[in-house]
Each structure stands twice: as C-alpha cells, then as structure tokens.
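Read off the chains here:
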Number of protein chains: 2
Amino acid sequence: MVIAEKTLIQRIRRAAALGRNPAVRTGMGDDCSVLRFLAKNGKASDALVTTDFTLEGIHFRREWHSPESVGHRCLMRGLSDIAAMGGEPVAAFLSLALPRDLAQNWVGRFVRSLISLAHRYGVSLAGGDTAESPNGILADIIVVGTVPKDKAILRSGARPGDRIYISGALGGASAALLGMGTKAKRKWTPREHRRHFFPEPRIELGRILRERGLASAMIDTSDGLSTDLAHICEESGVGAALRAESIPRASLGRPSRPVDLKLALHGGEDYELLFTAPGGRRIPSRLAGIPITLIGHITRGSRILLFHRRGAGYRLEPRGWEHFQKD
Amino acid sequence: MVIAEKTLIQRIRRAAALGRNPAVRTGMGDDCSVLRFLAKNGKASDALVTTDFTLEGIHFRREWHSPESVGHRCLMRGLSDIAAMGGEPVAAFLSLALPRDLAQNWVGRFVRSLISLAHRYGVSLAGGDTAESPNGILADIIVVGTVPKDKAILRSGARPGDRIYISGALGGASAALLGMGTKAKRKWTPREHRRHFFPEPRIELGRILRERGLASAMIDTSDGLSTDLAHICEESGVGAALRAESIPRASLGRPSRPVDLKLALHGGEDYELLFTAPGGRRIPSRLAGIPITLIGHITRGSRILLFHRRGAGYRLEPRGWEHFQKD
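Residues numbered from 1 in each chain as written. Chains lettered and ligands numbered in written order. Predicted model: local features only at pLDDT ≥ 70, side-chain atom pairs only at ≥ 80, totals over all residues. Heavy atoms only, no water.

1. Describing the overall build of chain A
Okay, so step 1: Secondary structure assignment for chain A yields eight helices and 16 strands.
Okay, so step 2: When contacts within chain A are restricted to residue pairs at least 6 apart in sequence, long-range pairs at least 24 apart make up 83% of them. (Helix = DSSP H or I, 4+ residues; strand = E, 2+ residues; numbered from the N terminus. Contact = heavy atoms within 4.5 Å.)

2. What to know about helix α2 (residues 67-83) of chain A
Residues and elements named next belong to chain A.
Okay, so step 1: For α2, spanning 17 residues, the distance from its first C-alpha to its last is 24 Å, which sits close to the expected 24 Å at 1.5 Å a residue.
Okay, so step 2: Residue M76 marks the point of greatest curvature in α2, where the axis turns by about 25°.
Okay, so step 3: Most of α2 sits inside the fold, with 16 of its 17 residues counted as buried. (Expected span 1.5 Å × (residues − 1). Bend = angle between axes of the 7 residues up to and from the residue. Buried < 20%, exposed > 50% of the residue type's maximum accessible area, 1.4 Å probe, protein only.)

3. Things to note about unusual backbone geometry
Okay, so step 1: A positive phi angle is found at A:D150, which is not glycine, with a value near 65°.
Okay, so step 2: With respect to the secondary-structure elements, A:D150 resides in the loop between β6 (138-148) and β7 (163-167).
Okay, so step 3: By relative accessible area, which is 54% here, A:D150 ends up exposed.
Okay, so step 4: Residue B:A288 is not a glycine yet carries a positive backbone phi of 50°.
Okay, so step 5: Mapped onto the elements, B:A288 comes out in the loop between β13 (286-287) and β14 (290-299).
Okay, so step 6: The exposure class assigned to B:A288 is partly exposed, which follows from its relative accessible area of 36%.

4. What about the relation of the copies chain B and chain A?
Okay, so step 1: Under the fitted operation, chain B is carried onto chain A by 0.0 Å of movement along the axis and a turn of 180°, and the coordinates agree to an RMSD of 0.0 Å. Expressed as a symmetry operation, the mapping of one chain copy onto the other fits a two-fold axis. Among all C-alpha atoms of chain B, that of B:N135 lies closest to the rotation axis, at 3.3 Å.
Okay, so step 2: Mapped onto chain A, 100% of the interface residues of chain B again fall at the interface, so both copies present the same surface. (Least-squares fit on C-alpha atoms with pLDDT ≥ 70 in both.)

5. Overview of the interface of chain B and chain A
Okay, so step 1: Counting from both sides, the interface comprises 60 residues of chain B and, opposite them, 60 residues of chain A.
Okay, so step 2: Across the chain B/chain A interface, buried area totals approximately 4600 Å², and carbon plus sulfur atoms make up 54% of it.
Okay, so step 3: On the chain B side of the interface with chain A, the three residues burying the most area are B:D31, B:V49 and B:F53, jointly 16% of the side's total.
Okay, so step 4: A:D31 is the partner of B:R155 in a salt bridge, and the nearest nitrogen-oxygen pair spans 3.2 Å.
Okay, so step 5: Counting the contacts that link chain B with chain A gives 12 residue pairs in polar contact (both at pLDDT 80 or more).
Okay, so step 6: A total of nine residues in the side of chain B that touches chain A trace back to one element, the largest contributor, which is strand β3 (residues 45-55) of chain B.
Okay, so step 7: When grouped by side-chain class, the residues that make up the side of chain B that touches chain A number 27 nonpolar, 12 polar and 21 charged.
Okay, so step 8: Two elements, strand β2 (residues 33-35) of chain A and β3(B), share three bridges in a ladder whose sense is antiparallel. Note on β3(B): the bridge partner recorded for A:S33 is B:V49. (Buried area = accessible area lost by both parts, 1.4 Å probe. Salt bridge = Lys/Arg side-chain N within 4 Å of Asp/Glu carboxyl O. Polar contact = N/O pair within 3.5 Å; in protein donor to acceptor, adjacent residues only side chain to side chain. Nonpolar A, V, L, I, M, F, W, Y, C, P; charged D, E, K, R; others polar. Pairing = 2+ DSSP bridges.)

6. Comments concerning the packing of aromatic side chains
Okay, so step 1: Per the counting criterion, the structure on display carries six aromatic pairs over all chains.
Okay, so step 2: Seen in terms of ring centroids, A:Y165 and A:F275 are 5.4 Å apart; in terms of plane orientation they differ by 15°. Their pairing is stacked. Placement of the pair is A:Y165 in strand β7 and A:F275 in strand β12 (residues 273-277), with a sequence separation of 110 residues. Both residues of the pair, A:Y165 and A:F275, belong to the buried class.
Okay, so step 3: Here the aromatic rings of B:F60 and B:W106 are separated by 6.3 Å at their centres, their planes lie at 25°, and the arrangement is stacked. (Phe/Tyr/Trp six-rings, centres within 6.5 Å; stacked < 30°, edge-to-face > 60°.)

7. Considerations on the domain arrangement of chain A
Residue and element names in this part refer to chain A.
Okay, so step 1: With domains assigned, chain A is organised as domain 1 (2-148) and domain 2 (155-315).
Okay, so step 2: Listed by partner, the interface residues are 24 residues for domain 1 and 20 residues for domain 2.
Okay, so step 3: Both faces considered, domain 1 and domain 2 share a buried interface measuring about 2000 Å² in area, 60% of it formed by carbon and sulfur atoms.
Okay, so step 4: A per-residue breakdown of the area domain 1 buries against domain 2 is headed by W64, R73 and M76, which together make up 27% of the total. (Domains from an automatic or database assignment.)

8. Concerning the pattern of salt bridges
Side chains that differ in charge, positive against negative, can pair when their charged atoms come close.
Okay, so step 1: According to the stated counting rule, one finds 24 salt bridges over all chains in the structure shown.
Okay, so step 2: The partner of A:E56 in a salt bridge is A:R62, and the shortest N-O contact between them spans 2.9 Å.
Okay, so step 3: The exposure class of A:R62 is partly exposed, given its relative accessible area of 34%.
Okay, so step 4: The shortest N-O distance in the salt bridge between B:E200 and B:R120 comes to 3.0 Å. A residue pair is termed long-range when its members are at least 10 positions apart, and B:E200 in the loop between α5 (194-197) and α6 (203-211) and B:R120 in helix α3 (residues 104-120) qualify at 80 residues.
Okay, so step 5: Assessed through its relative accessible area of 23%, B:E200 is described here as partly exposed.
Okay, so step 6: A residue is classified by how much of its surface remains accessible, and B:R120, at 49% relative accessible area, is partly exposed.
Okay, so step 7: One salt-bridge network, held together by shared partners, links A:D30, A:D31 and B:R155.

9. Examining the packing of α2(A) against helix α3 (residues 104-120) of chain A
Residue and element names in this part refer to chain A.
Okay, so step 1: At a minimum axis distance of 7 Å, the contact between α2 and α3 shows a crossing angle of 40°. What the angle tells us is that α2 and α3 run oblique. Relative to α3, α2 is oriented so that their crossing is right-handed. Residues P67, E68, V70, G71, H72, C74, L75, M76 and L79 of α2 touch α3, and the partners they reach there are W106, R109, F110, S113, L114, L117, A118 and R120.
Okay, so step 2: When its residues are assigned to classes, the contact of α2 with α3 shows 11 nonpolar, three polar and three charged. (Axes fitted to C-alpha atoms, helices over the stretch in contact; angles between N-to-C directions. Parallel < 35°, antiparallel > 145°, perpendicular 65-115°, else oblique. Left-handed = near helix turned anticlockwise from the far one by under 90°.)

10. Looking at the side chain of A:D46
Okay, so step 1: One can find A:D46 in strand β3 (residues 45-55).
Okay, so step 2: Residue classification places A:D46 among the buried positions, given a relative accessible area of 2%.
Okay, so step 3: A polar contact is formed between the side chain of A:D46 and the backbone nitrogen of A:D150, at a distance of 3.0 Å.
Okay, so step 4: Excluding residues within four positions of it along the chain, A:D46 makes contact with A:G145, A:T146, A:V147, A:P148, A:K149, A:D150, B:V34, B:L35 and B:R36.

11. A few points about the state of the cysteines
Okay, so step 1: If you walk through the whole model with that rule in mind, you get zero disulfides over all chains.
Okay, so step 2: Here A:C32 stays unpaired: no disulfide links it, and the sulfur of B:C74, its closest cysteine neighbor, is 15 Å away.
Okay, so step 3: The class of A:C32 is buried, set by a relative accessible area of 1%. (Disulfide = S-S within 2.5 Å.)

12. A closer look at α6(B)
Okay, so step 1: For α6(B), the tally of buried residues reaches seven of nine residues, placing the bulk of the element in the interior.
Okay, so step 2: Positive backbone phi, at 60°, marks B:G213, one or two positions downstream of α6(B).

What follows is the structure, given as structure tokens:
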C-alpha cells in the first residue's frame, strides 16, 4: 500500500499540475497548500470553504455509477456549494481512502474526471490526503472559493414578502436513482440522464445573482426542495408558502413525462439554486441560459405550506432524500 | 438517521459557537464558511489549508483509544501540519461519517475533546459535513491557517550543508501502539503515555522558527523520521546524513528505558518538527520549552545515509509506519 499510495499521489500531482489557479501559491507536496487571495480592483475578498463526503454505498454504488460519474459528482458537490454563495471556486482538496483490492484503473478514471471538471472551472487540485480504507471507497472534497468582502449570499437573508425562485427543474436525479434500483422497470444510462450522472454546477448563475444584487438568500438543492427550503427558513427565522403547480418538474423517458411531484419536492442531488428575492425586484425568466421559476413566497412564522390550485395549503415537512433507501 | 444527524449538527454548532476566531465571518449553517484574512500591520497573509483522514481500524481502534483521544488526535493532525509551515491555525472543518449503531455518548465525547483542543489554539470549528457511514467511524479534518505572505516554511528549502534538527524525542507513539497489541507484555494507559494519546501540536515552536527566520525547510514527523526526511530530500532535491547516536529516543516504562532505534527511525505519529537550517545559523538547544537536537546534515545527491559511531554509513530506506501492522 505504501508504494501504491505514493504512485497515486504522484499521478494525482501530475494531473493536477496541468491547470493551476493563480491564487494557489504552493499546491501538493507540502504539509499545507498555500493560497493567496488577491484583492480585485483594490477590494478585499472573503474566502469560502466547503467540505462534502462521497462514500461508497451511501452516495454512490460502483455497479450504478462509473468512476467518471463518481469523480465528477464528488467535486461537483463542493462547486455547487460555492455557487450557492455567489462565489467563484479557487482550489479543491481531495481526501481519498481506497480499499486494498481496488483496481488502479478505477482510481485513474475517477481522478481524471474530477480534474477535468476542475479545469473547466479554473479550479486547482491543490492538496489532500490519501489513506487505506478498511471498507469501500471514501472521498472527502474540500473546495475553497472567493467572494467580494461581505457579498456572500447567505441562507439567513430571506424576509417575509420575498419571492422564492428555483433554477432548472427538480426531481430528475432522484427519478434516475429510482430507475437504477433492482425493482425498476427500466434502467437509465448516463446518456439518457446526464444531469444526474454529470451535473453542472450553477457557478455562473450564482455569480450573476450576486453581482446584480438580486438574491436575498440562497442554497443549492442537494438534499431536496423541502429540506433545503427548511434550511433557508430556519436560518432566516421565517416561513414559506409554495405553489405546487409552479414547481418545475424534470422530464424523463420517451415519450418524456414529468416526474412525480413527490420527487420534485423531496428528491435530492438536483444541484439547482433555490433563492429568494424582495418582491419589487424583477427576476428574468432565464439567467445564464437557465430557466428561473417563481414557486412561492416567504411568510412570517416558521411553517412551510404547500398550496394546490384548489383547496387549503397543507404543511410540507422536510423529508430529506435518503440515498438509495427506496431500493 | 436524519434526525440524529440534525441533532449532531446542532450539538456541534452549539459547542463550536463558544470560541470563534475573528477571521471566521460565517461558520456553520450555510453552504460554505466565510473566512477573512485580515492583514496584520498592513501586510498581506497567505492562507494555509491541510486535510487529514482519521479512519477507524486504520488510524485508531475503539478498544484502544478513548473517544477523547480520537477527537484530540483528529484535530491534532491538522494543527501539526500548520505548525510545520510556521503558520497560525484559524479554523477547522470536520467531516464526520458515523455508523448507525454508534452510541451518542461516543460522539459527544469525541466532539467535546476536539473542540477543547481547538479552543486552546484559538481555532474555530467553522463547518464540515455529516453522513451515515457504511462501516466504522470516518473523520476528515480540514484546518485553515495563515502565515505572512511568502513566509511559509516549505519542505523544498533544504540545501547541501544545512544542518538537520528535530524537536522533542522520537518513537514514543509507535512504542505505545506496540504496547497496546495483543502480543504486548503490558498495556500502556493514557496517563503513562500522554504524548501518544493527547499529543500537543508544536504551533509555538513553528511560529518562533518562522519569525526568527531560523529554518530553511520543515515537516512534522507524522509518518516517521525516515519517511518524513525523505519527503524533505525529495522536495528539495538533496540527500542527507544522519548520526544514529544523536537521534533523541523517547523513554517509556518504569524504570524508564529509551525505545529501540528502529522505532525512533521509522515509527510515526510523534508529531515533532523536523527542520533544516543553514550551517552558520545558531539554533538554541531549547525553543518554546522543547529540546532541539542536531541529528545530521543535508548532502548533495538524493540518498539518506545513517552513520553509527564506528563504521560506514548505510542507506536508510523510508519505511513508512504502517498503522497497527505489527499486531
């Protein structure tokens, strides 16, 4: 394992050396990586830090997800958190623990895919840790980004009267996952459902919302709309009212059909941006090429209510998407 | 698990809120944490980032290590990396995956111990991730620190003729681990071997070496002297010559006896600082209260040779300390 680990680190270093963000002064090969946040136009920057596990059996299954998909989604989770603050990613750090019997081939494909995504967003793979895993593949990704001083879009900025918006469409990732279960009538392939296997972080959209000062609060939908909206409400000390018919549902299959409302409400890993904006602020129906949909508004109190076209609202409980539980 | 996870995050947040480093603008409760590096005396700072796994069965065993020891050593590994750059720690991020059946009590003791160490060094626990673990306790600690612009002490600064120094004594941690094995004649207790169960990071020593411009290269001895010196030699493009009799060996037992030379050479997790300094620079025999010992010098070439009082030097291969392999 000692030799394999050294080879692994060297391979990652070689691949990582190809593209380097200028903020990274010293990357791999030391006890720490050294980052410098250069002030843009003489203005100071704040640093953003996020960490996310990618664990075999919890976040992916080797028989369902290719190494390329696992590597892409591993980094994607961190990039999406940076997008949800309106920030720009700078550097990533990968902690990777591998079982003894894992094929070298798997690791190479995983790392290449992760680094390919990193390069597209100008992110340096600047460090990390490797270890032997007692069981299964374990990865932890850390992404560091920047945002102009005091300009990060927090979860805590929503106020009663603000409108609630969502980018793209919801429920597609969880529908794809259900489709991979043993009881599924048909399997999805990466080509049929690219947004689940290779989601794109909404970096550009987040940046535009921050630069134009449009959003009062923001989060990415990694756990599912009901859970992620509850996070905004909790941190902002507010409630919310959603219109069921307005929630944009992903379409899958041929002929394509929208997913169940339940998946759009509770399914996770869609990595869309959920944000609020004061009522008077005009939000375009499309930003950075992505559709933006008005789905409700922020209320006083702490409850989240779901309204259908007819009838009273009922309380929407945050039902976290439990990975692979339905299988 | 969803409720348990929420409770866990809330508990960690409550505990973490007690002490906050002023550089941490927004800690837990958002997609990212926001850090600001304030310039000291108008001088810019570089940010340091390090990540380290702590995996059950690889880095610790529940039957050997108390939750307090695991929590302490988990953060300690990151703090020691910051010390090895001459930096000051600012914030820590904890990614923690726990098996379903783990007692709440274990987690509470682990987190309290980790946070207690963080507070003593002015470090905020500023974020992280939680997940369910498919097998065993998995932790990844990320520590962010600062160092004045371009002043980080790298592994790559050693030059032929530089002298090699080590803080404290070596081999104690691995001797303690061997003492816990099933074949061991006697078990060590935390009280008898505090430096293994509750090591202190050499932050103050690293800072003094950096401030006084004493060290040309530095690393912490987490993998063992032979491996960590090889890292310095590799990154600096140099070789080294060590004097076996000069290497300070930890003493254990009653009456206390120094550990075997092999453990001092190859045993890991002592978390001492190994550094080089130009020949003409006077290095005190004690710094920040810790003994500093001259153990050899840097040479041209790439080989590391070990000399005994009599006879020729023989080549010292880096033999990474393989955790628990001897059991």
